Amino acid sequence: MPAPLDAVNDALAAFAAATMPVFTARVPVPPARLLGRLAAPAEADPHQAHRWPVLPRGDEPDWMAALRALGPLPAERLLGALESTVAEHDWSGAPDLVGDLPPPPAGQYAWLTTGGGNDSAATSAATVLHALRPGLGGRVVAAVRALVPHRSVAPLLAGTPAGADEPAIAAAHGAAHLGLAVAVAGAAVHQADPPVIVERAAAVVGLAVGAAALVLREVPLPPVYAAALLERIRAEYLLPRHLTSTLHVEGHRFGLAEHGLPHEVDFTGNGLVAVVDGGVAVRTGVATGHVRVELLVLAGPPDEVESGWEEIVEVSWHAAAGDTSWVPGDGRSSRLTPPWPGDYRVRVHARGRDDNDAGLEGYKLVVWSAPTAPEVVHRRSDQLGHRLRGEPEPARPPEHAYRWIQRSPISQAATVTVVTGASVEQVVRAFGADPARPEPVDTLRRDLSLRGAAHTWVAAVLADDDAVVVVEDNGYRGSDAAVLCAASIGGRAASMFWNVNAVTRLSFAEGGRLLAASEPWGRDVYPPEVSTAVAGLDFAEAGDHVEKGLVAVERFTGRGLTSADLARIDTAADGYRITH
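Rules used in this analysis
Residues numbered from 1 in each chain as written. Predicted model: local features only at pLDDT ≥ 70, side-chain atom pairs only at ≥ 80, totals over all residues. Heavy atoms only, no water. Helix = DSSP H or I, 4+ residues; strand = E, 2+ residues; numbered from the N terminus. Buried < 20%, exposed > 50% of the residue type's maximum accessible area, 1.4 Å probe, protein only. Contact = heavy atoms within 4.5 Å. Areas by Shrake-Rupley, 256 points an atom, 1.4 Å probe, with all protein chains shown as cover. Lys, Arg positive; Asp, Glu negative; His and termini not counted. Charge placed at Lys NZ, Arg CZ, Asp CG, Glu CD. Phe/Tyr/Trp six-rings, centres within 6.5 Å; stacked < 30°, edge-to-face > 60°. Pairing = 2+ DSSP bridges. Axes fitted to C-alpha atoms, helices over the stretch in contact; angles between N-to-C directions. Core = buried A, V, L, I, M, F, W, Y, C linked by side-chain atoms within 4.5 Å. Parallel < 35°, antiparallel > 145°, perpendicular 65-115°, else oblique. Nonpolar A, V, L, I, M, F, W, Y, C, P; charged D, E, K, R; others polar. Salt bridge = Lys/Arg side-chain N within 4 Å of Asp/Glu carboxyl O. Expected span 1.5 Å × (residues − 1). Left-handed = near helix turned anticlockwise from the far one by under 90°.

1. Side note on the overall build of the chain
The number of helices and strands found in the chain is 17 helices and 18 strands. Projected onto its principal axes, the C-alpha coordinates of the chain cover approximately 105 × 65 × 35 Å. Within the span of the chain, comprising 580 residues, buried residues form 51% of the whole. Of the contacts formed within the chain by residues at least 6 apart in sequence, a portion of 74% connects residues at least 24 apart. On the chain, roughly 26000 Å² of surface is accessible, and the fraction owed to carbon and sulfur atoms is 54%. Side-chain charges of the chain comprise 48 positive and 68 negative groups, with the mean position of each set lying 2 Å from the other.

2. Describing the packing of aromatic side chains
Under the criterion given, the structure shown has eight aromatic pairs. Centroid distance Phe 23 to Trp 91: 5.6 Å. Interplanar angle 5°. Geometry classified as stacked. One end of the pair, Phe 23, is in helix H1 (residues 9–24); the other, Trp 91, is in the loop between helix H4 (72–88) and helix H5 (121–132), and 68 residues separate them in sequence. By the burial criterion, Phe 23 is buried, and Trp 91 matches it. Arranged with centres 6.2 Å apart and planes meeting at 70°, the rings of Phe 254 and Trp 326 form a pair that is edge-to-face. You can see Phe 254 sitting in strand S2 (residues 253–257) and its partner Trp 326 sitting in strand S7 (residues 325–327), a full 72 residues away along the chain. A network of ring pairs unites the aromatic residues Phe 15, Phe 23 and Trp 91 as a single cluster.

3. Quick look at the pairing of strand S14 (residues 468–473)
Burial within S14 is extensive, with five of its six residues counted as buried. Bridging between strand S11 (residues 414–419) and S14 involves six bridges; their strand directions are antiparallel. Along S14, the bridge assignment pairs Thr 415 with Glu 472.

4. Some details on the sheet that holds S7
Hydrogen bonding along the main chain pairs the strands of a sheet, whether they run parallel or antiparallel. Within the open sheet, the four strands sit side by side as S3-S4-S2-S7. Their pairing is antiparallel. Bordering the open sheet on either side are strand S3 (273–276) and S7, each of which pairs with just one other strand. Averaged over all neighbouring strand pairs, the angle between strand axes comes to 25°, with direction disregarded.

5. Topic: the sheet that holds strand S10 (residues 376–380)
The six strands lie next to each other as S1-S5-S9-S8-S6-S10, forming an open sheet whose pairing is mixed. Each of the sheet's edge strands pairs with one partner strand only, and the pair in question is strand S1 (241–250) and S10. Across the sheet, the mean angle from the axis of one strand to that of its neighbour is 25°, orientation sign disregarded. Pairing analysis gives nine bridges linking strand S6 (residues 311–319) to strand S8 (residues 342–351), with the strands arranged antiparallel. Paired with Glu 314 across the bridge in S8 is Arg 347.

6. Brief notes about the nonpolar core
One finds Val 86, Leu 178, Leu 180 and Val 182 to be the most contacted residues of the largest nonpolar core, which totals 71 residues. Put simply, the parts of the chain that give this core at least two residues each are H1, helix H2 (29–36), helix H3 (62–70), H4, H5, helix H6 (136–147), helix H8 (166–192) and helix H9 (200–216). Here Leu 178 is in contact with Val 27, Leu 35, Leu 78, Leu 82, Ala 208, Val 209 and Ala 212, once residues within four sequence places are set aside. The next biggest cluster of nonpolar side chains, apart from the first, holds 36 residues, and it includes Tyr 402, Met 496, Val 534 and Ala 573.

7. Here's the deal with the pairing of strand S9 (residues 362–369)
Burial within S9 is extensive, with seven of its eight residues counted as buried. For strand S5 (residues 288–297) and S9, the ladder comprises six bridges, and the chain directions are parallel. The partner of Glu 294 across the bridge, within S9, is Lys 364.

8. What about the packing of H3 against H9?
Packing of H3 against H9 leaves a shortest axis separation of 7 Å and a crossing angle of 95°. On the basis of their axis angle, the class for H3 and H9 is roughly perpendicular. Listed contacts from H9 to Asp 62, Trp 63, Ala 66, Leu 67 and Leu 70 of H3 are Gly 206, Leu 207, Val 209, Gly 210, Ala 211, Ala 213 and Leu 214. Within the contact of H3 with H9, the residues separate by chemical class into nine nonpolar, two polar and one charged.

9. Here's the deal with the pattern of salt bridges
Between side chains of opposite charge, a pair can form as their charged atoms come close. On inspection of all chains with the given rule, the structure shows 30 salt bridges. Ionic pairing is found between Glu 311 and Arg 389, a salt bridge with its closest N-O pair at 3.3 Å. Placement of Glu 311 in strand S6 and of Arg 389 in the loop between helix H11 (383–388) and S11 is noted, with a sequence separation of 78 residues between them. For Glu 391, the salt bridge identified is with Arg 380, shortest N-O distance 3.0 Å. Taken together, the residues Glu 391 in the loop between H11 and S11 and Arg 380 in strand S10 connect sequence positions 11 residues apart. Judged by relative accessible area, Arg 380 falls into the partly exposed class, the value being 34%. Connected through shared salt-bridge partners, Arg 37, Asp 45, Glu 166, Arg 232 and Glu 236 make up one network.

10. Looking at the side chain of Asn 9
Relative to the helices and strands, Asn 9 resides in helix H1. Note on Asn 9: relative accessible area 12%, which makes it buried. The residues contacting Asn 9, other than those within four sequence positions of it, are Ala 146, Leu 147 and His 150.

11. Notes on H9
Between its first and last C-alpha atoms H9 spans 24 Å; for 17 residues at 1.5 Å apiece the expected length is 24 Å, and the two agree. Of all 17 residues making up H9, 16 are buried, and the element is well covered by its neighbours.

12. Some thoughts on the packing of H8 against H9
Contact geometry for H8 and H9: axes closest at 8 Å, N-to-C directions at 135°. When the axis of H8 is compared with that of H9, the two are oblique. Crossing geometry of H8 relative to H9 is assigned as right-handed. In contact with His 173, Gly 174, His 177, Leu 178, Ala 181, Val 182, Ala 185, Gly 186, Val 189 and His 190 of H8, H9 contributes Arg 200, Val 204, Leu 207, Ala 208, Val 209, Ala 211, Ala 212 and Leu 216. Partitioning the contact of H8 with H9 into residue classes produces 12 nonpolar, five polar and one charged.

This is the structure in structure tokens:
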């Protein structure tokens, strides 16, 4: 019976200290760096899948889960680098590590593996070894953990090349701990003397990599690592930087800050943004949910103030360390703004705060380095901002009533046409369809999807006061001048077309005559019959372009499209195939 593990620590430490440098020197830099960063902040290596939580499969031991989390390529590369040295090494000098473990099952062995051969040979060999000696891996992990702080081993793990940068420090850290794990695993496997079905060198490497990966998630990084990482981040930080996130909102707010937000934030000053310790807090319309936020970091101030936003406020804040992140955090983003302390300026843009729908809210934060300066309000037009500032609320712009389109099935591409003074039959004929052959809308959708959209179709709803509302999902016939003229013979017709490429067309007809048809960008001159319909709709202003067009259609015809209409089309309206 061997002595307990604690009693053999000194002897094992002496063996490991003499053995591990042989293997440490043979560890390739890329996988060593990968291992060395396992306990580093996510910003050190943000795209590596091995940083994800390790989830064992069934009764799989934690060291095996850690090995598998690295992926097959690092393990295979390490096997190639270490296999021959492990196979040729003399392992006889180590103290007994396995004498008290259960013996392997008696009899003959056969092993069948499945899974398409995606595992490294090191992982496969370690899996077979674990099946035959299930306690061996845990013994190796326990021994490595016990040796990390040992006086004979710790100096070999703490060595950092003089003047090393972050990648070199991470590689040295990973290689040294893997060298220790190989020394312990090699001795344990040698003493366990597995049958020939186990490829010993591969099993040693697989077991060692899993043990090292597990331990390296626990041990602290070298003291010089944090400064080296910051130096690397600063060297790699380039401007401009742009990202778009979907952020969780709690308590009507989110933040961009070095610390958490205070419990109470006063937004009454400008109704949008408040300066907090190390950053800013932004007031949202929704109390909780997820909102879209765009961040742009520039070398200097923006050239102009963007259009299309309802509230725009610019403030200064001081960064003590240059380590801002979203608050509440999104789990992925850190050091969003320049990684240096100093004074910064942020221009906060907001829209959709009055819609009571997180999916319609949007924000943009533009950041640049600048001396502290007074607050500047570039735009204040939404109702929430006025309410927070204690000001009378303005009327909502009419186009906001159509923002539900952005959350509807026709948000990407459609044509909405409204016709007065005509029956459904007359309108359907004007569109080139046969009114005697109606079909259920869901049947048309399925059929045309299978045909690859070989035909187009329209769905019509007979509305009140003899107005007909026609919706073409991803269609465009309602924007055709001939169709509108034919449909408007007995009254008026207007249509708004849009597609996924942001192409639009707003058209008006009356008494069989086309009055206007163009892509509305605020430069059009409309005849008197149309001017009232477009009055006050600023098409030159970015945002809500489709919604403004639908307002014009409603004003011109006296009938618009509602979300209830669209629901009725999907569930109860008739559709018609356009045949010519």
